[in-house]
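Reading the structure
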Amino acid sequence: MAIQVEAPPAAEPRRRPEPRQLTRRERRQRRRPLLPALVFAIVLTQLPFVATLYYSTQRYNLLRPETRKFVGLSNYGRVFTDDLFRNAVLNTVKLTVTVVLLCALFGTALAVLLDKKFLGRSIVRTLLITPFLVMPAAAALVWKTSMLNPVFGIVNWVLSPFGAGQTDWTSRYPMTSIILVLTWQWTPFFMLIILAGLQSQSPEVLEAAKTDGATGGQTFRRVTMPHLRQFIELATVLGTIFILQTFDAIFMITQGGPGQATTNLPYFIYQQAFRAFNAGEAAAAGVITVVATIVFATFALRLVSGLFTTEVL
Amino acid sequence: MAAVDTDRLTSTVERPARHRRRRRPPRPGTIAVGVVAWAVGLVFFFPVLWMFLTGFKQESQASTDPPTIFFTPTLDQYRAILGRDFLPYFGNSLIASVLSIVLVLLLATPAAYALSVRPVVRWQDSLFFFLSTRMMPAVATILPLYIIARDLNVLDNVTFLALIYTAMNLPIAVWMIRSFLLELPKEVLEAARVDGASLPVEMRRVILPMIAPGLAATALICFIFAWNEFFFAVSLTAFRAATVPVFLVGFITQEGLFWARLSAAATLAVLPVLIAGWTAQKWLVRGLSLGAVK
């Protein structure tokens, strides 16, 4: 599998196991309810990944299985020297970093807004989470047509007083278009987690800050932000892992184009596997993606858990 | 390998119920905040609203410059969509989602129990193993799953898709249900233990009734992800088992011609999850953060 995260024995589990050693029979009994789920997860996620490792050492055209043969690591060599692969990696980084930064920014701003009291707050909250619930494939189609179309799109109509003219967003600014749609889609995710963080602040502390004569701005910077940081980071870590895997919007809006302008890793691998039928190279690219994700997740999770350790308790 | 201190991570779950801010007298800034918030909310909601409206237009009103705002609504597009084999796709989506949710709850509830109430040895490892499977990119498993499905003759099979969705939602469900189990009063569980209830009896009589709302919330969250899933659906299905998002692929090339029909189809596609999501709003954040944040 992918990310093996090893947890040290916890200092203070909520329901502390009985101090005495469990007998072998008790251990077996306790394990029994866990096993079906564990086996299921291993069979459907770990074994396929092992198979992906195996396929990455094969030359394997999906349409001609009989010509399959072992080629060692040459698929990796080919992938690494492939300009299209390097382009896909670059696009993935560009896309993910931009979207995550924008989402963290808007998500924090909206969370702060929603933490205030105003008329119809729960309705506004419902409106704001809607983009996240809408099927990404459907949303992408609506954006591509009704919103971003050069002649009849709403975006150009709204921007026409500013001289937007008939900008063809998805072909002239394909990456910007994808970033726009993804930011729209993922901001609610960030907002919800950060809002939960804001609302978990203890009112006593805020009250104490006020009593000590702190202004609203000071309280926000010195009290709220340090508390909020871990929630922003949690949202960022989870958001990054999901946004790295973006596929729907690219498939629906640009098909990775024009040319290869918006091809990210998932779309590149999809093309290698199901358009070029090149299973070997697709598998190698898949393995590289997983390794990159492991590296990122390992560092990121350590960062987040570190914050949980120092600041939550 | 990352060393993650499970206990600290999960400790957010155990914090006492969320504090409500005390009611303050209305301040002059409140109105300004409200206006800004409503404006931003409407901007974010607008594409969905526009999609909904366009679905009730004639094609000639769907692509105009300037956009048509006032029109006589028509059900023509919905009639056309429903007459054009939309229902089998809808049925497939429903089967794949519901079947996977049933399987997820059956697998995740006992697992969550074994990771919280009476934990197995080294339960943290198992917990993070589940988390890690959720983080694995789908592209890492798609090829073998495709090849296995092809060789076992289950390509384009809705049950196979449901199994994949089960694996996809299992970590979320385990973490979420576990967070609900941790909230149960300890005394009740201990009483059941003293009574010498066997696990199935304890489950049925004591635990399930108490976490039923939590299970419903978990099911709704899993429904959102299963219903909206596109990558596996488009890679592993073609005609017989194709789900709603795959139906929408047919509209990619027809841009500019059938916007109203596209909007009607998109509205039907998103409606079930909108209803589920709006209903489960309260638990959304717990599901999205895998139980770490309430």
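Calculation notes
- Residues numbered from 1 in each chain as written.
- Chains lettered and ligands numbered in written order.
- Predicted model: local features only at pLDDT ≥ 70, side-chain atom pairs only at ≥ 80, totals over all residues.
- pLDDT = per-residue confidence, 0-100.
- Helix = DSSP H or I, 4+ residues; strand = E, 2+ residues; numbered from the N terminus.
- Contact = placed C-beta atoms within 7 Å.
- Buried ≥ 20, exposed ≤ 12 C-beta atoms within 10 Å, placed from the backbone.
- Pairing = 2+ DSSP bridges.
- Nonpolar A, V, L, I, M, F, W, Y, C, P; charged D, E, K, R; others polar.
- Domains from an automatic or database assignment.
- Core = buried A, V, L, I, M, F, W, Y, C linked by C-beta atoms within 7 Å.

1. Comments concerning the confidence of the model for chain A
Residue and element names in this part refer to chain A.
- This prediction gives chain A a mean pLDDT of 84; 90% of its residues lie at or above 70.
- No element of chain A has a lower mean pLDDT than strand 1 (residues 5–6), which averages 43, and none a higher one than helix 5 (residues 121–133), which averages 94.
- Between residues 1–13, whose pLDDT stays under 50, and residues either more than four places distant or in other chains, the model counts 48 contacts.
- Considering only residues more than four positions removed or in separate chains, one finds that residues 307–313, a stretch of pLDDT under 50, has 15 contacts.

2. A short note on the confidence of the model for chain B
All names here are of chain B.
- Here chain B averages 83 in pLDDT, while 88% of its residues score no lower than 70.
- Averaged pLDDT values for the elements of chain B fall to 39 in strand 1 (residues 2–3) and rise to 94 in helix 5 (residues 86–114).
- Counted against residues more than four places away or in other chains, residues 1–17, with its pLDDT under 50, gives 51 contacts.
- Reported confidence for the predicted complex is 0.84 by ipTM and 0.85 by pTM.

3. Considering the pairing of strand 3 (residues 64–70) of chain A
All names here are of chain A.
- Within strand 3, only 0 of the 7 residues are buried, which leaves the element largely exposed.
- Note that strand 2 (residues 58–61) and strand 3 share 3 bridges and pair antiparallel. Bridge pairing in strand 3 links Arg-59 to Lys-69.
- With antiparallel pairing between neighbouring strands as the criterion, strand 2 and strand 3 make up a hairpin whose turn holds 2 residues.

4. So, the interface of chain B and chain A
- Counting from both sides, the interface comprises 105 residues of chain B and, opposite them, 105 residues of chain A.
- With 16 residues, helix 2 (residues 29–54) of chain B is the largest single contributor of residues to the side of chain B that touches chain A.
- Here the residues of the side of chain B that touches chain A sort into 70 nonpolar, 22 polar and 13 charged.

5. Things to note about the domain arrangement of chain A
Residue and element names in this part refer to chain A.
- According to the domain assignment, chain A contains domain 1 (24–70) and domain 2 (84–312).
- Every contact between the two is made by 11 residues of domain 1 and, on the other side, 9 residues of domain 2.
- Broken down by secondary-structure element, the contributors of at least two residues to the side of domain 1 that touches domain 2 are helix 2 (35–55) and strand 2.
- In terms of residue class, the side of domain 1 that touches domain 2 is built from 6 nonpolar, 4 polar and 1 charged.

6. A look at the nonpolar core
- Formed by 172 residues in total, the largest nonpolar core has its most connected members in Ala138(A), Ile193(A), Leu161(B) and Val174(B).
- Among the elements that take part in this core, helix 8 (residues 158–181) of chain B stands out by supplying 17 residues, more than any other.
- If near-sequence neighbours (up to four positions away) are discounted, Leu161(B) is found in contact with Ala96(B), Phe232(B), Ala233(B), Leu236(B), Thr237(B) and Ala241(B).

7. Observations concerning unusual backbone geometry
Residue and element names in this part refer to chain A.
- Although it is not a glycine, Gln-255 sits at a positive phi angle of roughly 50°.
- Counting through the fold element by element, Gln-255 comes out in the loop between helix 12 (248–253) and helix 13 (265–274).
- Positive phi, close to 55°, is recorded for Phe-277, a residue that is not glycine.
- Mapped onto the secondary structure, Phe-277 falls in the loop between helix 13 and helix 14 (279–312).
- According to the C-beta neighbour criterion, Phe-277 is partly exposed, with 13 such atoms within 10 Å.

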